[in-house]
Amino acid sequence: MAPGMATSNPVPNSMPGPINQPMNQGGGLGNLLQNMIFNRMYQNNPKFRQFADSMQGKTPEQAFQEHGLDYSQFQNISPAQIKNMLGF
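Structural notes, computed from the coordinates. Keep in mind that what you see is a predicted model, and the values were worked out from it rather than measured.

1. Section: the packing of aromatic side chains
Given two aromatic rings, one states the distance between the centres and the angle between the planes to describe the pair.
Moving on, step 1. Applying the stated rule across the entire model yields 4 aromatic pairs.
Moving on, step 2. Judged by centre distance (5.4 Å) and plane angle (45 degrees), the rings of F64 and F74 are tilted. Taken together, the residues span a long stretch of sequence, with F64 in helix α3 (residues 60-66) and F74 in the loop between α3 and α4 (79-86) at a distance of 10 residues.
Moving on, step 3. Under the relative-accessibility criterion, F74 is labelled partly exposed at 31%.
Moving on, step 4. In this structure, R49 packs its charged tip against the face of Y42, placed 5.8 Å from the ring centre.

2. Thoughts on helix α1 (residues 28-44)
Moving on, step 1. The first and last C-alpha atoms of α1 sit 25 Å apart over 17 residues, in line with the 24 Å expected at 1.5 Å per residue.
Moving on, step 2. Residues of α1 that are buried: N31, F38 and Y42. All buried residues of α1 project into a common sector of 35 degrees when viewed along the axis, lining one side. In α1, the exposed residues that point more than 90 degrees away from the buried face are L29, I37, R40 and N44.
Moving on, step 3. Each element contacted by the buried residues of α1 is listed here: α2 (46-55).

Basis of the calculations
In this convention, every chain numbers its residues from 1, walking through the sequence in written order. Local features in a predicted model are, by the rule used here, given only for residues with pLDDT of at least 70; side-chain atom pairs are given and counted only at 80 or more, and totals for whole chains, interfaces and linings are based on all residues. Each side-chain value is derived from all of the structure's non-hydrogen atoms; neither hydrogens nor water enter the calculation. Two aromatic rings from Phe, Tyr or Trp, using only the six-membered ring of Trp, form a pair when their centres are within 6.5 Å; if the ring planes differ by under 30 degrees the pair is stacked, by over 60 it is edge-to-face, and anything between is tilted. Put simply, DSSP H or I for four residues or longer makes a helix, DSSP E for two residues or longer makes a strand, and each gets a number counted from the N terminus. Relative accessibility under 20% of the residue-type maximum defines a buried residue, over 50% an exposed one, and the middle range a partly exposed one, all with a 1.4 Å probe and only protein chains included. By definition here, charges over rings are those cases where NZ of Lys or CZ of Arg is within 6 Å of the ring centre and within 35 degrees of the ring normal. Multiplying 1.5 Å by the residue count of a helix minus one yields the expected span of that helix. Read the arc as the range of directions from the helix axis to the C-beta atoms. Between two residues, a contact is recorded if the distance between any of their heavy atoms is within 4.5 Å.

Here you go:
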């Protein structure tokens, strides 16, 4: 690189990963799909982006409490239950 040139971002237009999620969960394809969905929503939905940004740095318990919800009621929901709740 020539002197005075700024270093380039290795991942242009990258978005933050899922909020409050440990980075090395393993997860494989499921984790990849989760990140792709998050990034698509973050890029295309200003309300989601604002919500996601407002949740950064908070524990799940804090985030749920701010919205009047009890985290313990949601932490063990299975993917099948989530699909049913969302109508998939």
